[in-house]
Amino acid sequence: MATTYQRDLEATEFTDNIDRRETLGKVFEIIFLLGLLIGLFVLALLVFDICRDGLVRFLTPGFLTETPSRFPEEGGIRPAIVSSILLGIIVIAVAVPIGVGSALYLEEYAPKTWWTAIIEINISNLAGVPSIVYGLLGLGVFNYLLGFGPALISGALTLSLLSLPVIIVTSREAIRSVPDSLRNASYGLGVTKWRTIRSHVLPYAVPGILTGVIISVSRAIGDAASLIVVGAVSFLTFNPGLFERYMALPIQIFSYITRPEPGFANAAAATIIALILLILILNGVAIYVRQRFSVI
């Protein structure tokens, strides 16, 4: 009898423990859902406020195709758009190959020693460094040491440095998620290591790699602090070249909101809409490519 009673008591305690855990899990689920809804609500309010203030100015003819003006109701943001597009293209062309190559080396080739562990820790720490620190680095290296000066190429290379840690970290996680059975099956057929990486590992890791590219490029295009340090200007009357002075949409926004005339606030909101659309277009292209590789 005592043994049966003890078993029944243990079974009851076990059931109560499961019910308590399920209740606690539902409570945390509700808390997390509320946090998500609050974030989406605040984001929706911000987008609504920006569209209310800037949509009319954004739809004004010539706003996207003309150069800036000292009058808030005139001019446009064409040089800033061209500069931001060029900055994004150069960041992708420079940071993605270097970042993915570094991730491949660290995951597939580098020996697991103390110095690789130090490198991995430093890369992870660099992902959280403020962007103005990268701006100071770019100012010293690209502006002065290499002699590029306050040109678009200096800003693009600085943003590439800003993007590299995020690309490396996310690429390593994507490469690490590829099953070892896939590699072993390829090695079993006599395929070389590089051909295995090129034909099997990379295609499966591309969706995760592109996720890191999306995050890093979006951060780079929307960054203003590093570009201010490197030498971006707030007024241009021509489309910039690689070795010329340049603008950027975040710098244009900063310039508009610092001016006292009320019309510039609407121009700043319209420029924010243009920046959001540019980021959404770039992200849409990356997401499309990622989905294509996911299907494969």
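Computed from a predicted structure; not experimentally measured. Along each chain, residue indices are assigned from 1 in the same order as the chain's sequence is written. Confidence filtering applies because this is a predicted model: local features only for residues at pLDDT of at least 70, side-chain atom pairs given and counted only at 80 or more, and all residues used for totals across whole chains, interfaces and linings. Hydrogen atoms and water are omitted, and side-chain values are computed over all heavy atoms in the structure.

Chemist: Describe the overall build of the protein chain, and please don't skip the residues or the numbers.
Modeler: Numbering of helices and strands starts at the N terminus; helices are DSSP runs of H or I of at least 4 residues and strands are runs of E of at least 2. For the protein chain, the helix and strand inventory stands at 10 helices and 0 strands. Taking the principal axes of its C-alpha atoms as reference, the protein chain extends roughly 90 × 50 × 35 Å. Accessibility here uses a 1.4 Å probe with only protein chains present; expressed as a share of the type maximum, an area under 20% marks a residue as buried, one over 50% as exposed, and anything in between as partly exposed. Evaluated residue by residue, the protein chain yields a buried proportion of 39% over its 296 residues. Residue pairs at least 24 apart in sequence account for 71% of intrachain contacts in the protein chain once pairs closer than 6 positions are excluded. About 16,700 Å² of surface is accessible on the protein chain, with carbon and sulfur atoms providing 70% of the total. Averaging the coordinates of the 20 positive side-chain charges in the protein chain and doing the same for the 20 negative ones gives two points 10 Å apart. Note on contacts: a residue pair qualifies if any of its non-hydrogen atoms lie within 4.5 Å across the two residues. Areas reported here follow the Shrake-Rupley algorithm with a probe of radius 1.4 Å; residue values treat only the protein chains shown as occluding. When charges are counted, neither His nor the chain ends are considered; positive counts come from Lys and Arg and negative counts from Asp and Glu. Throughout, a charge is located at the NZ atom of Lys, the CZ atom of Arg, the CG atom of Asp or the CD atom of Glu.

Chemist: Help me get a handle on the pattern of salt bridges, residues and values and all.
Modeler: Counted as salt bridges are all cases of a side-chain nitrogen of Lys or Arg within 4 Å of a carboxyl oxygen of Asp or Glu. If you walk through the whole model with that rule in mind, you get 9 salt bridges. E108 serves as the salt-bridge partner of R183, at 2.9 Å between the closest nitrogen and oxygen. With R183 in helix α6 (residues 180–188) and E108 in helix α2 (residues 78–109), the pair connects residues that are 75 residues apart, well separated along the chain. Neither residue differs from the other here; R183 and E108 are each classed as buried. Taking the shortest distance from any N to any O, the salt bridge between R172 and E120 comes out at 3.0 Å. In this pair, R172 sits in helix α5 (residues 152–176) while E120 sits in helix α3 (residues 114–126), placing the two residues 52 residues apart along the sequence.

Chemist: Could you give me a rundown of the UniProt feature "domain: ABC transmembrane type-1" (unreviewed entry) in the protein chain, with the residues and numbers involved?
Modeler: UniProt positions are given in the numbering used here, feature names are shortened, and annotations may be inferred rather than shown by experiment. This chain's UniProt record puts "domain: ABC transmembrane type-1" (unreviewed entry) on residues 81–286. Along residues 81–286 one finds 77% helix and 0% strand; the C-alpha atoms at either end are 19 Å apart.

Chemist: Residues and numbers for the packing of α2 against α5, please.
Modeler: Axes, fitted as lines to C-alpha atoms, cover a helix only where it is in contact. Angles between the N-to-C directions of the axes lie from 0 to 180 degrees. The N-to-C vectors of α2 and α5 enclose an angle of 40°; their axes lie 6 Å apart at closest approach. Taken together, the axes of α2 and α5 are oblique relative to one another. Read as a crossing pair, α2 and α5 show a hand that is right-handed. Here the term charged refers only to Asp, Glu, Lys and Arg, the term nonpolar to Ala, Val, Leu, Ile, Met, Phe, Trp, Tyr, Cys and Pro, and the term polar to all other amino acids, Gly among them. Counted by class, the contact of α2 with α5 contains 20 nonpolar, 7 polar and 4 charged residues. Note on terminology: angles under 35 degrees are roughly parallel, angles over 145 are roughly antiparallel, angles of 65 to 115 are roughly perpendicular, and the others are oblique. Crossing chirality is assigned from the near helix's rotation relative to the far helix, an anticlockwise turn below a right angle marking it left-handed and a clockwise turn marking it right-handed.

Chemist: Can you break down the UniProt feature "transmembrane region" (unreviewed entry) in the protein chain residue by residue, with the values?
Modeler: Annotation from UniProt places "transmembrane region" (unreviewed entry) at residues 27–48, 80–106, 126–145, 201–218, 224–243 and 264–289. Helix and strand shares over residues 27–48 are 100% and 0% respectively, and the end C-alpha atoms of the span are 31 Å apart. Summarising residues 126–145: 80% helix, 0% strand, and an end-to-end C-alpha distance of 22 Å.

Chemist: Which residues make up α2, and what values go with them?
Modeler: Here the expected span of a helix is defined as 1.5 Å times the quantity of residues minus one. The terminal C-alpha atoms of α2 lie 45 Å apart, and with 32 residues this matches the ideal 46 Å at 1.5 Å per residue to within 8%. Maximum bend of α2: about 30°, positioned at A95, with proline P97 one to four residues after it. What is called the bend at a residue is the angle between a pair of axes, fitted to the seven residues leading up to and ending at it and to the seven starting from it.

Chemist: Before we move on, can you summarise the packing of aromatic side chains with the specific residues and values?
Modeler: Each pair of aromatic rings is reported with the distance of its centres and the angle of its planes. Each pair of aromatic rings taken from Phe, Tyr and Trp, with Trp reduced to its six-membered ring, is defined by centres within 6.5 Å and is described as stacked if the planes are under 30 degrees apart, edge-to-face if over 60, and tilted in the remaining cases. Applying the stated criterion across every chain yields a total of 4 aromatic pairs. Seen in terms of ring centroids, F28 and F32 are 6.0 Å apart; in terms of plane orientation they differ by 40°. Their pairing is tilted. Linking F28 with F32, this pair stays in helix α1 (residues 2–58), spanning 4 residues, or about one helical turn. A relative accessible area of 40% places F28 in the partly exposed class. Just above the ring of Y109 sits the side chain of K193; from NZ or CZ to the centre is 5.5 Å. Geometry around F264 places R259 over its ring, the cationic atom sitting 4.7 Å from the centre. As a reminder, the over-ring test applies to NZ of lysine and CZ of arginine, requiring each to be within 6 Å of the ring centre and within 35 degrees of the ring normal.

Chemist: How would you summarise the nonpolar core if you had to cite specific residues and measurements?
Modeler: It is characteristic of soluble globular proteins that their nonpolar side chains tend to be buried jointly. Within this scheme, the nonpolar core is defined by two criteria: the residues are buried Ala, Val, Leu, Ile, Met, Phe, Trp, Tyr or Cys, and they are joined through side-chain atoms within 4.5 Å. Among the nonpolar cores identified, the biggest contains 56 residues, and I77, L87, L159, I209, L227 and L249 are the most heavily contacted of them. Going through the elements one at a time, α1, α2, α5, α7 (193–221), α8 (225–230), α9 (249–257) and α10 (263–295) are the ones with two or more residues in this core. Residues in contact with L87, not counting those within four places in the same chain, are L152, G155, A156, L159, L227 and A248.

Chemist: Before we move on, can you summarise the environment of R57 with the specific residues and values?
Modeler: The topology assignment puts R57 in helix α1. A residue is classified by how much of its surface remains accessible, and R57, at 10% relative accessible area, is buried. For R57 and T271, which are 214 residues apart along the polypeptide, the C-alpha to C-alpha distance reads 9.0 Å. Apart from residues lying up to four places away in sequence, R57 is in contact with F63, P72, E73, E74, G75, N266, A267 and A270.

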